[in-house]
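Structure assessment
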There are 2 protein chains.
Amino acid sequence: MKNTALIMAGGRGERFWPRSRKDLPKQFLCLTDDGKSMIQLTVERIRGLVDIEDVYIATNQNYKNLVMEQLPELPVENILCEPVGKNTAPCIGLGAVYIAQKYQDAIMMVLPSDHLIKHNKMFLKTLKDAIEIAEEGRNLVTLGITPTYPETGYGYIKFDGEAVCGNGYAVEKFVEKPDYQLAREYLNSGEYLWNSGMFVWKVSSILDNIQKFMPATMEGLNRIKAAIGTEAQQEVLVKEFTEFESESVDYGIMEKADHIFIIPGAFGWDDVGSWNAVERIKQTNELGNTVTGNIITIDTKNCIIEGHDKLIATVGLENLVIVDTEDATLICNKNNTGDIKKILENLRICNRTEYI
Amino acid sequence: MKNTALIMAGGRGERFWPRSRKDLPKQFLCLTDDGKSMIQLTVERIRGLVDIEDVYIATNQNYKNLVMEQLPELPVENILCEPVGKNTAPCIGLGAVYIAQKYQDAIMMVLPSDHLIKHNKMFLKTLKDAIEIAEEGRNLVTLGITPTYPETGYGYIKFDGEAVCGNGYAVEKFVEKPDYQLAREYLNSGEYLWNSGMFVWKVSSILDNIQKFMPATMEGLNRIKAAIGTEAQQEVLVKEFTEFESESVDYGIMEKADHIFIIPGAFGWDDVGSWNAVERIKQTNELGNTVTGNIITIDTKNCIIEGHDKLIATVGLENLVIVDTEDATLICNKNNTGDIKKILENLRICNRTEYI
């Protein structure tokens, strides 16, 4: 069966401000040392399993040009522009009907475009294991990440250690972001994995489940599918998609469906959730600094400093994130990166949209 | 007797980097809220006592244009360009012979160009008291500052509380920058004042003393004086000045001379020795931040932030100095401003003179 992939790239993440902007969100940034953007790395990573003409990118109209620029080999008709964000379930449904329109049936991988994976070979091996399970019946496979600390920012998935299918385990339940105490219990129990938001299934399997649990959405998707390649394509897409209920695939489908399996991955996954992640994914020097650009540091430790041509000189600093761009400079305590959104709120209130 | 002033403006202070540069040292910067540079404030301050045509500026060729720009009313022939820095004694001698060439005798005030004074009226009153003493015999008067804490960065002057002359006290000795323990003793004794580097004397008095204690310098100064207004003026100045021994007036003259008096001043003197001084001389907001430019602060306390048009956003910071200029940004712990010179050393070693 053909392998296909839907890469979700509609996010508007604010946590990498001032580098990320409404016109240049995280998935289009180069955050690693190799000069490739996160979406480029995502596509490159699966090229051994999926032909480029079978890679679909779900994004929105604002980012279409960025996708074309960064992925010049991708057929432009594979860029699916959501007229409005409706969370992951409608997005996945849209990808599924486009693939279904091309192939009678196919394996469909669903991947976020703004996560990093360190061990690509292990990742591909895990995907192959997932494909093997997904090819059976109506199985839906999710990739779980073996947790290494009690993270409170991720969803968790409880699995049944007995019920196995290939290298996968039967999923008992999806749980939302826990508090610290609960996260520790999940970690210590050994029965939970982090929810990575990566899925593998047959197109027919996911569409069957959408039909079953989100029938109204499925009706709209069918109308969108019927219009693909016709003159009405865009008009139908806008009309139907706009009316979809906003729903995540986790809660709209995965929580309710049968035959859900999870494969634990240990392929060096990182969701690069904030500037703090940069020191995990880039070279740090002997003082713990991660430095890019024209920088002089004096008595400076454990700082992340991203500049360009302009000289940045630091003296006596510790534990800061410093990011300089053409029109804005951020200086943020590493313990407060969650509050970068307050800057954006402030800018929005003052209508200073040029900085957002 | 005519009042004249020599304002010393040849300094190359590095402590306000990146705003101060070799082509724009501290005395030409606006560091206060009123939009005037330190040298402009210095001249303005004494305008009630000295006519502008009797104000002389000692500087060097590199800064001549800056002086002309910032002090357009000053006669250009009053800008005395030292061919090379030789510390304060030769500089003062140069000013003295220029004034002596114009007036038979005159009161000469010597003032640094890069200090601030908060209470101008009290300062003028102190200068008048000093003039009164200086007009007697061969008296040399220095303005001392009543110390308020055990500063280790200034010289101190010990005075004799009994031997008074008008509002002045006889000076016992000049002492160099003390260590902390000694500075505390000086402070507690009540017998020491800070050395402000401001002097008042008759031109004839200082020239007599130069003749007595630095006779070789006096010979050269006489040759410079003889050449003033002739075609050879510049050539003689360069030749003679270059051969002067480098010497401060404190140690070359004041330590050795008789009839030295000091007037304690409490006119809100500030030598603005580092970025930390900015919060003493500018408005701070309710969180202790001193902010100029296009700034958004989130959870930021006791910081000095100087920007311009470019947005600077801070999150979770405390006790930092942040200075943004066209081509360089400094981020410095307030406790480490003394190490800013290390940045300049680094730049010099790497021959990156564009930033110096």
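Residues numbered from 1 in each chain as written. Chains lettered and ligands numbered in written order. Predicted model: local features only at pLDDT ≥ 70, side-chain atom pairs only at ≥ 80, totals over all residues. Heavy atoms only, no water.

Here we look at the sheet that holds strand S12 (residues 290-292) of chain B
The strand order across the open sheet built from six strands is S13(A)-S15(A)-S17(B)-S16(B)-S14(B)-S12(B), with neighbouring strands paired in mixed fashion. Looking at which strands have only one partner, the edges of the open sheet turn out to be strand S13 (295-298) of chain A together with S12 of chain B. With direction set aside, neighbouring strand axes in the sheet form an average angle of 5°. As judged from the three bridges shared by S12 of chain B and strand S14 (residues 304-306) of chain B, these two strands associate in the parallel manner. Looking at the pairing, Thr292 of chain B lines up with Glu306 of chain B of S14 of chain B. (Pairing = 2+ DSSP bridges. Helix = DSSP H or I, 4+ residues; strand = E, 2+ residues; numbered from the N terminus. Axes fitted to C-alpha atoms, helices over the stretch in contact; angles between N-to-C directions.)

Considerations on the packing of aromatic side chains
In total, this model carries 24 aromatic pairs over all chains according to the counting rule given. Three or more aromatic residues joined by ring pairs make a cluster, and in this case those are Tyr149, Tyr154, Trp194 and Trp269 of chain A. (Phe/Tyr/Trp six-rings, centres within 6.5 Å; stacked < 30°, edge-to-face > 60°.)

Quick word on the sheet that holds strand S13 (residues 295-298) of chain B
The strand order across the open sheet formed by six strands is S12(A)-S14(A)-S16(A)-S17(A)-S15(B)-S13(B), and the pairing between neighbours is mixed. Each edge of the open sheet is held by one strand with a lone partner, namely strand S12 (290-292) of chain A together with S13 of chain B. In this sheet, neighbouring strand axes are inclined to one another by 5° on average, regardless of whether the strands run parallel or antiparallel. Of the strand pairs in this sheet, strand S14 (residues 304-306) of chain A and strand S16 (residues 320-324) of chain A are connected by three bridges, and their pairing is parallel. Bridged to Glu306 of chain A within S16 of chain A is Val323 of chain A.

Observations regarding the relation of the copies chain B and chain A
Put simply, the two copies of the chain differ by a rotation about an axis and a shift along that axis. It takes a turn of 179° to lay chain B on chain A, together with a shift of 0.1 Å along the axis; the resulting RMSD is 0.1 Å. Taken together, the rotation and translation relating the two chain copies correspond to the operation of a two-fold axis. The rotation axis passes nearest to the C-alpha of Ile331 of chain B in chain B, at a distance of 4.4 Å. A share of 100% of the interface residues of chain B reappears at the interface of chain A, consistent with the copies meeting face to face through the same patch. (Least-squares fit on C-alpha atoms with pLDDT ≥ 70 in both. Contact = heavy atoms within 4.5 Å.)

Regarding the environment of Trp275 of chain B
All names here are of chain B. Relative to the assigned elements, Trp275 resides in the loop between strand S11 (269-270) and helix H10 (278-281). Trp275 gets classed as buried once you look at its relative accessible area, which sits at 0%. Trp275 sits 267 residues away from Met8 along the chain, and the two C-alpha atoms are 21 Å apart. Once you skip the residues sitting within four places of it in the chain, Trp275 turns out to touch Arg15, Phe16, Trp17, Arg19, Leu31, Ile304, Glu306, Val321, Val323, Leu330, Thr337 and Ile340. (Buried < 20%, exposed > 50% of the residue type's maximum accessible area, 1.4 Å probe, protein only.)

Examining the interface of chain B and chain A
Residue-level contacts link 34 residues of chain B with 34 residues of chain A. Where chain B abuts chain A, roughly 2,700 Å² becomes buried across the two surfaces, and 60% of that area is made up of carbon and sulfur atoms. Taken together, chain B and chain A are joined by two salt bridges. For Lys310 of chain B, the salt bridge goes to Asp324 of chain A, with nearest N and O atoms at 2.8 Å. Scanning the region where chain B abuts chain A turns up 22 residue pairs in polar contact (both at pLDDT 80 or more). When residues of the side of chain B that touches chain A are traced back to their parent elements, those giving at least two are S13, strand S15 (311-315), strand S16 (320-324), strand S17 (328-333) and helix H11 (340-349) of chain B. Per-element accounting of the side of chain B that touches chain A gives the leading share, six residues, to S17 of chain B. Within the side of chain B that touches chain A, the residues separate by chemical class into 17 nonpolar, eight polar and nine charged. Alignment of strand S17 (residues 328-333) of chain A against S15 of chain B, held across five bridges, turns out to be parallel. Within the sheet, the bridge partner assigned to Ala328 of chain A lies in S15 of chain B and is Leu311 of chain B. (Buried area = accessible area lost by both parts, 1.4 Å probe. Salt bridge = Lys/Arg side-chain N within 4 Å of Asp/Glu carboxyl O. Polar contact = N/O pair within 3.5 Å; in protein donor to acceptor, adjacent residues only side chain to side chain. Nonpolar A, V, L, I, M, F, W, Y, C, P; charged D, E, K, R; others polar.)

Some thoughts on the pairing of strand S7 (residues 156-165) of chain B
Residue and element names in this part refer to chain B. Judged from the seven bridges that link them, S7 and strand S8 (residues 168-175) form a sheet pairing that is antiparallel. Paired with Val164 across the two strands is Tyr169, which belongs to S8. Pairing geometry for S7 and strand S9 (residues 192-202), over three bridges, is antiparallel. For Ile157, the partnering residue across the bridge sits in S9 and is Leu193.

A short note on helix H11 (residues 340-349) of chain A
Residue and element names in this part refer to chain A. Ile340, Ile343, Leu344 and Leu347 are the residues of H11 that are buried. Taken down its axis, H11 places every buried residue within 95° of arc, on the same side. Positive phi appears at Asn351, one or two residues downstream of H11, with a value of about 60°. (Arc of directions from axis to C-beta.)

Focus: the side chain of Thr300 of chain B
Residue and element names in this part refer to chain B. Here Thr300 lies in the loop between S13 and S14. With relative accessibility at 1%, the residue Thr300 sits in the buried group. A distance of 2.9 Å separates the side chain of Thr300 from the backbone oxygen of Ile298, its partner in a polar contact. Separated by 2.8 Å, the side chains of Thr300 and Thr314 make a polar contact. Beyond its immediate sequence surroundings of up to four residues, Thr300 is in contact with Leu287, Asn289, Thr314, Val315, Gly316 and Leu317.

Some words on helix H6 (residues 203-213) of chain A
Listed as buried for H6 of chain A are Val203, Ser204, Ser205, Ile206, Leu207, Asn209 and Ile210 of chain A. Summarising the contacts, the buried residues of H6 of chain A are in contact with helix H3 (88-102), strand S4 (107-112), strand S6 (140-145), strand S9 (192-202), helix H7 (215-227) and helix H9 (249-254) of chain A.

Focus: the pattern of salt bridges
A side chain with one charge may pair with a side chain of the opposite charge, provided their charged atoms come close. Residues and elements named next belong to chain A. This structure, assessed with the given rule, holds 41 salt bridges over all chains. Here Arg280 ties to Asp270 by a salt bridge, and the two come within 2.7 Å at their closest N and O atoms. Note that Arg280 is positioned in helix H10 (residues 278-281) and Asp270 in strand S11 (residues 269-270), a separation of ten residues in sequence. Among the residues examined, Arg280 registers a relative accessible area of 44% and is labelled partly exposed. A salt bridge links Lys342 to Asp339; the nearest nitrogen and oxygen atoms lie 3.7 Å apart. Judged by relative accessible area, which is 19%, Asp339 ranks as buried. When salt bridges that share partners are traced, they join Lys2, Asp51, Asp54 and Lys102 into one network.

As for the packing of helix H3 (residues 88-102) of chain B against helix H6 (residues 203-213) of chain B
Residues and elements named next belong to chain B. The geometry of H3 relative to H6 is characterised by a closest axis approach of 10 Å and an angle of 130° between their N-to-C directions. By the angle between their directions, the pair H3 and H6 is classed as oblique. Once H3 is placed against H6, the crossing between them reads as left-handed. Within the contact between the two elements, H3 uses Ile92, Gly93, Ala96, Val97, Ile99 and Ala100 and H6 uses Val203, Ile206, Leu207 and Ile210. Grouping the constituent residues of the contact of H3 with H6 by class yields nine nonpolar, one polar and no charged. (Parallel < 35°, antiparallel > 145°, perpendicular 65-115°, else oblique. Left-handed = near helix turned anticlockwise from the far one by under 90°.)

Some thoughts on the side chain of Ser20 of chain B
Residues and elements named next belong to chain B. Locating Ser20 in the fold gives a position in the loop between strand S1 (3-8) and helix H1 (38-45). Take Ser20: its relative accessible area is 2%, and that puts it in the buried class. Within polar-contact distance, the side chain of Ser20 engages the backbone nitrogen of Trp17 at 3.1 Å. For Ser20, the contacting residues outside a window of four places in its chain are Gly13, Glu14, Arg15, Pro25, Lys26 and Leu29.

As for the pairing of strand S1 (residues 3-8) of chain A
All names here are of chain A. The buried fraction of S1 amounts to six of the six residues, a majority that puts the element mostly inside the structure. Where S1 and S4 come together, six bridges link them in parallel fashion. Among the inter-strand pairings, Leu6 is bridged to a residue of S4, identified as Val110. Pairing of S1 with strand S2 (residues 55-60) involves four bridges; the strand directions are parallel. Bridging across to S2, Met8 finds its partner in Ala58. Handedness of the crossover is the feature at issue here: the chain leaves S1, passes through helix H1 (residues 38-46), returns alongside S2, and the resulting connection is right-handed. (Right-handed = clockwise from strand over helix to strand, strands pointing away.)

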